[in-house]
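Each chain is listed here by its residues.
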Amino acid sequence: MSDIDRIIAELQRFTWPDYVVFVAMFILCIFIGIYFGFMKKSLNEADYLMGGRNMLILPIALSLVASFISGITLLGLPTEVYSFGIQYTYVGMGVIAMGFVMGIFYLPVFHDLNITSTYEYLESRFDRRLRMFGSVMFAIMNIGYLPIVIYVPALAFNQVTGVAVHTITPIVCVICVFYTSLGGLKAVVWTDVVQIISMLGALVLVAIKGTLDIGGFKEVFTSAWQSTRIEAPDLSVDPTIRHTLWSQLIGGVIYWTQTNAVSQNMIQRYLSLPSLSSARWALAIFCLGVLILMALCAYNGLLIYATYKGCDPLTTKLAKAKDQLLPLFVMNTLGEYPGLTGLFIAGVFSAALSSLSTCLNSMSAVVLEDFVKPFVSTPLSAKAINWIMRSVVVGVGALCVSLVYVVEHMGTVLQLTMSLEAITNGPLFGIFTIGLLMPWINGNSALTGGIFGVMAMSWISLNAQWAIASGAIKYETKPLTVEHCNYDYGETLLDLNHNFTISRAGKEDIFPLYRISYMWYTALGALITILMSGVCGCVFGSNDPRKVDPTLLAPSIRKFFCYTENKFNAKSLNIDIPMKKYAISDDVAL
């Protein structure tokens, strides 16, 4: 047995107290599902999908944080900071800006329309074709994203226990499908509350114990400063640089607004609150919670570097995958204390479960509202609706388990799936933005722009991912070394920059758009969609903005058009016609 295998075997100290803590979290989630599924009154469609639209602010806000911070973020962000420094964390400015943009422009419209699926808006503003386009894009993105959500924490579980990925993933998926299908949105939200507490506790525990072991905060920040992992924002305007102030602020606010404001996964929770002011409070708490969790993840990345700065475990293959770096650190730090490793792994799976249950519940809403109801001639019975909603959860959950095999056996699928998110997110955000802010653009132009945006982003992002996978595009990490390792890593030693070094020689040979930072992808997709839709207006014509229902426009846009019951501008004709009053929101009325 090699030194590496021996060390890994010694570190796999997942004892019975760890299993007790780990299993207890799942049992609690199951009981929450049973409670809302059986012990409460029978769930109708509004209860199952929207929580009766009378949910409480704090649970919804915590659920939003838990859903957004997936296991990918929990394990990936520390590795990002360990390898590249804190440049990514400046995206926090984009998160704050997103809160204002969403609260002012997007949230008032969706909340006042009293819809279940956000893609219903596209039919009201444009036509049914746009609604189907949005729903199909959402379904593709979710089905590609779900296997990664569950696969990444399974890797962490494998690192600390040695249990195979395909042993744990079906169990986790079955549990998640069980409580989601039983209890609907309320079960999802309250399990998210339990899971965010577990997640936060795990991160804090690792940070405190690791800091004490390394000799205090001073040692952590000194090591980070000397290795330039702590640095000011990069002010370069070069869009090919991976992270700059502008990509994190401008690209970040567009990415986060798309994900939070127009994605069914997130907006469904905001719409379950009784008023716009409640939704805005939940948004503010969400932004604060995300910033806190991101800061903890980033600090753990600096802590990992301070611990392993003399012997990089990614180079020596002590951690066989990048997402196993934090679990390796946890085993070193908490392994000697029974139950604490179990608490950490429970936190990682909590992040995965919250994202998975959210996606399953949202998929049931979209399938019912967008793929079934518009195509049936008679109203569905309550029994049929319940059967459809729960069947979607079970079916998509089973598909998720199956696709984990694809993710494992085809390494590039991880990169390709993340590319799928970029392909769909930008064009969808562009179409929603057109609908809310550009009343003169009609459905034909918006659909053409959206299709063109998807095609363009497919070409750009898939070619970029191929260039990264083939080694043509690489990124340089911060300094790493194996000079002070106290074990034999044999022939495992690779390039100290692993698969992140930059190939300057061939950089000029790569098409410029393939080299653009992934942080610009959503913004680029939205921009292409909006510009193409504008150009198509010359072919398909344009709307009379005065004939667009003002409730479908952002409040800040409505004031530029004077609506009347007869749908024409009284001011421009200089006549006195009583204005129609539209009850828009808590604080806006025309």
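Residues numbered from 1 in each chain as written. Predicted model: local features only at pLDDT ≥ 70, side-chain atom pairs only at ≥ 80, totals over all residues. Heavy atoms only, no water.

The protein goes by Sodium-coupled monocarboxylate transporter 2 in an unreviewed UniProt entry, where it is assigned to Glossina fuscipes. A UniProt comment under Sequence similarities (unreviewed entry) is attached to the protein, and it reads "Belongs to the sodium:solute symporter (SSF) (TC 2.A.21) family." The Subcellular location (unreviewed entry) comment attached to the protein in UniProt states, word for word, "Cell membrane". (UniProt positions renumbered as here; feature names shortened; annotations may be inferred.)

A. Main features of the overall build of the protein. Helix and strand counts for the protein stand at 22 helices and zero strands. With 590 residues in all, the protein has 58% of them scored as buried. Considering only residue pairs separated by 6 or more positions, the protein has 85% of its internal contacts joining residues 24 or more positions apart. Approximately 23300 Å² of the protein is accessible, and the part contributed by carbon and sulfur atoms is 67%. (Helix = DSSP H or I, 4+ residues; strand = E, 2+ residues; numbered from the N terminus. Buried < 20%, exposed > 50% of the residue type's maximum accessible area, 1.4 Å probe, protein only. Contact = heavy atoms within 4.5 Å. Areas by Shrake-Rupley, 256 points an atom, 1.4 Å probe, with all protein chains shown as cover.)

B. Focus on the nonpolar core. The biggest cluster of nonpolar side chains holds 176 residues, and the ones touching the most others in it are F110, Y270 and F286. Excluding residues within four positions of it along the chain, F286 makes contact with A61, L64, V65, F68, M98, W256, N260, M266 and Y270. (Core = buried A, V, L, I, M, F, W, Y, C linked by side-chain atoms within 4.5 Å.)

C. Looking closely at the state of the cysteines. Summed over the entire model, instances satisfying the criterion amount to one disulfide. A sulfur-sulfur separation of 1.8 Å characterises the disulfide bridge that pairs C311 with C485. Here C311 and C485 share a disulfide; its torsion about the S-S bond, 95°, makes the bridge right-handed. Highlighted residues: C311 in the loop between α13 (276–308) and α14 (313–316) and C485 in the loop between α19 (443–470) and α20 (521–540), separated in sequence by 174 residues. C485 shares its class with C311; the two are buried. Take C173: it sits in no disulfide, and the sulfur closest to it among the cysteines is that of C400, at 3.9 Å. Judged by relative accessible area, C173 falls into the buried class, the value being 3%. In this model C536 remains outside any disulfide bridge; the closest cysteine sulfur is found in C538, 8.7 Å from its own. (Disulfide = S-S within 2.5 Å.)

D. Fine view of the packing of helix α10 (residues 217–226) against α13. Between α10 and α13, whose axes approach to 9 Å, the crossing angle comes to 85°. The angle between the axes of α10 and α13 places the two elements in the roughly perpendicular class. Together, F217, E219, V220, F221, S223 and A224 of α10 and Y299, L302, L303, Y305 and A306 of α13 make up the contact between the two elements. Among the residues making up the contact of α10 with α13, the classes are represented as nine nonpolar, one polar and one charged. (Axes fitted to C-alpha atoms, helices over the stretch in contact; angles between N-to-C directions. Parallel < 35°, antiparallel > 145°, perpendicular 65-115°, else oblique. Nonpolar A, V, L, I, M, F, W, Y, C, P; charged D, E, K, R; others polar.)

E. Expanded view of the packing of aromatic side chains. Following the criterion strictly, the structure yields 14 aromatic pairs and no others. Geometrically, the ring pair formed by Y106 and F429 is stacked, given 5.8 Å between the ring centres and 25° between the ring planes. Residue Y106 is found in helix α6 (residues 92–113), and its partner F429 is found in helix α18 (residues 412–437); the two are separated by 323 residues along the sequence. Through a chain of ring-to-ring contacts, the aromatic side chains of F110, Y119, Y121, F138 and F432 assemble into a single cluster. Directly above the ring of Y82 sits R229, whose terminal nitrogen or CZ lies 5.8 Å from the centroid. One residue, R229, lies across the ring of Y305, its end atom 3.7 Å from the ring centre. (Phe/Tyr/Trp six-rings, centres within 6.5 Å; stacked < 30°, edge-to-face > 60°. Lys NZ or Arg CZ within 6 Å of the ring centre and 35° of its normal.)

F. Representation of a nonpolar patch on the surface in the model. There is a patch of nonpolar side chains on the surface, built from L200, V204, I208, L212, L288 and I292 and spanning about 540 Å² of accessible area. The element that contributes the greatest number of residues to the nonpolar patch is helix α9 (residues 165–214), accounting for four residues. With respect to the secondary-structure elements, I208 resides in helix α9. Judged by relative accessible area, which is 49%, I208 ranks as partly exposed. (Patch = residues over 30% accessible without salt bridge, like charges linked within 9 Å, V, L, I, M, F, W, Y side chains within 5 Å. Salt bridge = Lys/Arg side-chain N within 4 Å of Asp/Glu carboxyl O.)

G. The pattern of salt bridges, seen in detail. All chains considered together, the criterion is met by eleven salt bridges. When the shortest N-O distance is used, the salt bridge between K373 and E369 registers 3.2 Å. Put simply, E123, R128, R131 and D370 are held in one network by salt bridges that share partners.

H. Fine view of α10. Among the residues of α10, those classed as buried are V220, S223 and A224. Across the axial projection of α10, the buried residues extend over an arc of 100°, all falling on one side. In α10, those exposed residues whose orientation departs by more than 90 degrees from the buried face are K218, W225 and Q226. Those residues of α10 that are buried lie in contact with α9 and α13. The first or second residue beyond α10 is T228, which carries a positive phi of 65°. (Arc of directions from axis to C-beta.)

I. Highlighting the environment of W225. Examined against the element boundaries, W225 turns out to sit in helix α10. Residues W225 and L302, 77 residues apart in the sequence, show an inter-C-alpha distance of 9.7 Å.

J. How the structure looks around the environment of K547. By the element assignment, K547 lies in the loop between α20 and α21 (555–558). Take K547: its relative accessible area is 59%, and that puts it in the exposed class. Put simply, K547 and W440 are 107 residues apart on the chain and 9.4 Å apart in space, counted from C-alpha to C-alpha.

K. Inspection of the side chain of T316 at higher detail. Residue placement: T316 occurs in helix α14. By relative accessible area, T316 is classed as buried at 0%. A polar side-chain atom of T316 sits 3.4 Å from the main-chain carbonyl oxygen of P313. (Polar contact = N/O pair within 3.5 Å; in protein donor to acceptor, adjacent residues only side chain to side chain.)

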